[in-house]
Amino acid sequence: MYYYRYENAEINCCYKYLMFSYNIIFWLAGIAFIAAGFWAWSEKGVLMDLTQVTRLHGFDPVWLVLAVGGITFILGFAGCVGALRENICLLKFFSGVIGLIFFLELTAAVLAVVFQSQVRAWINEFFLANIKGYRDDIDLQNLIDSVQRMNACCGAQTPQDWNQNVYFSCDENNRSREKCGVPFSCCIQDPADLVMNTQCGYDVRRNQSEWSKHIYTKGCIAALEDWLPRNLYTVAIVFVVISLLQNFLKMRGFHQIQNKLMLV
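Residues numbered from 1 in each chain as written. Predicted model: local features only at pLDDT ≥ 70, side-chain atom pairs only at ≥ 80, totals over all residues. Heavy atoms only, no water.

If you check an unreviewed UniProt entry, the chain appears there as Tetraspanin from Oreochromis niloticus. Database annotation for the chain, UniProt heading Sequence similarities (unreviewed entry): "Belongs to the tetraspanin (TM4SF) family." (UniProt positions renumbered as here; feature names shortened; annotations may be inferred.)

Right, dumping it as structure tokens:
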């Protein structure tokens, strides 16, 4: 079995280098994500003591950064080298993984629509588990604060969910200064304030009738459910455009190179 290579190039150079340029961006982005992930771990001392990874009580966002970076780096490498060197094996790998990712995204979207109640319950449990580990990891803490500030929400369902955190619990044995409080990201900020008051949530849950004056009362699950319908068309357009661009470059470059490397 032999491969025959034509003397004259039949590959459209425009598509070839367009695909190379498109994928080198993903390759560099993957390197940046991986570097950011390891930098975050080094700041937390995880690289000096890897057992810290198993001691976390909540979700460590660094895992997500490293996973996205690793997948992006591998795909970017396969696409770049495959397009530049006209390597049919790398292009098949690139095409197959892109197709698999697209299929998994589509499957996840369909399952989320079909099993809405189960997905909502899982997200609620996931959020509550991370509320418990809020003070255990600075990256998790920043992630929860960002979600609460951006969506003007507090807790999974209500601000009372913060009672599950040992620092914010109203338990009589809790000696924390944050007892019966909420994180500052739950507070309604005055636009005139130039400096954020990080103690604004102290003792705020002691008087439920005053909640609406000081903190957001809507849970983040409900806030995210309200956000999705308002931005559904935007999310759908972005998803379709990215998918079409990926599949166009993938299939066009693949077929051009496949025409050149003919099996005889």
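Now that the structure has been shown, we can carry on.
Asks: Just give me the short version of helix H5 (residues 138-151), but keep the residues and values in it.
Replies: Here H5 spans 20 Å end to end across 14 residues, near enough to the 20 Å set by a 1.5 Å rise per residue. Restricting attention to buried positions, one finds in H5 the residues Leu140, Gln141, Ile144, Asp145 and Gln148. For H5, the buried positions fall inside an angular range of 130° around the axis, keeping them on one side. Among the residues trailing H5, Ala152 stands out with phi positive, at a value near 50°. (Helix = DSSP H or I, 4+ residues; strand = E, 2+ residues; numbered from the N terminus. Expected span 1.5 Å × (residues − 1). Buried < 20%, exposed > 50% of the residue type's maximum accessible area, 1.4 Å probe, protein only. Arc of directions from axis to C-beta.)

Asks: Could you give me a rundown of the confidence of the model for the chain, with the residues and numbers involved?
Replies: Summarising the model, the chain shows a mean pLDDT of 78, and 76% of its residues fall at 70 or more. By mean pLDDT, strand E1 (residues 3-5) is the weakest element of the chain at 45, and H5 is the strongest at 89. Across residues 1-10 the pLDDT falls below 50, and counting only partners more than four positions away or on other chains, this stretch makes 19 contacts in the model. (pLDDT = per-residue confidence, 0-100. Contact = heavy atoms within 4.5 Å.)

Asks: Please provide a residue-by-residue account of the UniProt feature "transmembrane region" (unreviewed entry) in the chain, values included.
Replies: This chain's UniProt record puts "transmembrane region" (unreviewed entry) on residues 20-41, 61-81, 93-115 and 232-249. In residues 20-41, helix accounts for 100% and strand for 0%; the two terminal C-alpha atoms are 32 Å from one another. In residues 93-115, the share of helix is 96% and the share of strand is 0%. The end C-alpha atoms are 32 Å apart.

Asks: How would you explain the state of the cysteines if you had to name every residue and give the values?
Replies: Considering all chains together, one arrives at four disulfides under this definition. Disulfide pairing is shown between Cys154 and Cys186; the S-S distance is 2.1 Å. Of note, the bridge from Cys154 to Cys186 carries an S-S torsion of about 85° and is right-handed in sense. In this pair, Cys154 sits in the loop between H5 and helix H6 (211-214) while Cys186 sits in the loop between H5 and H6, placing the two residues 32 residues apart along the sequence. A relative accessible area of 0% places Cys186 in the buried class. Bridging Cys187 to Cys200, the disulfide has an S-S length of 2.1 Å. (Disulfide = S-S within 2.5 Å.)

Asks: Which residues make up the pattern of salt bridges, and what are the values?
Replies: Per the counting criterion, the structure on display carries six salt bridges. Between Asp203 and Arg177 there is a salt bridge whose closest N-O contact spans 3.2 Å. With Asp203 in the loop between H5 and H6 and Arg177 in the loop between H5 and H6, the pair connects residues that are 26 residues apart, well separated along the chain. The partly exposed category is assigned to Asp203, whose relative accessible area is 27%. A salt bridge links Arg206 to Asp203; its shortest N-O distance comes to 3.2 Å. (Salt bridge = Lys/Arg side-chain N within 4 Å of Asp/Glu carboxyl O.)

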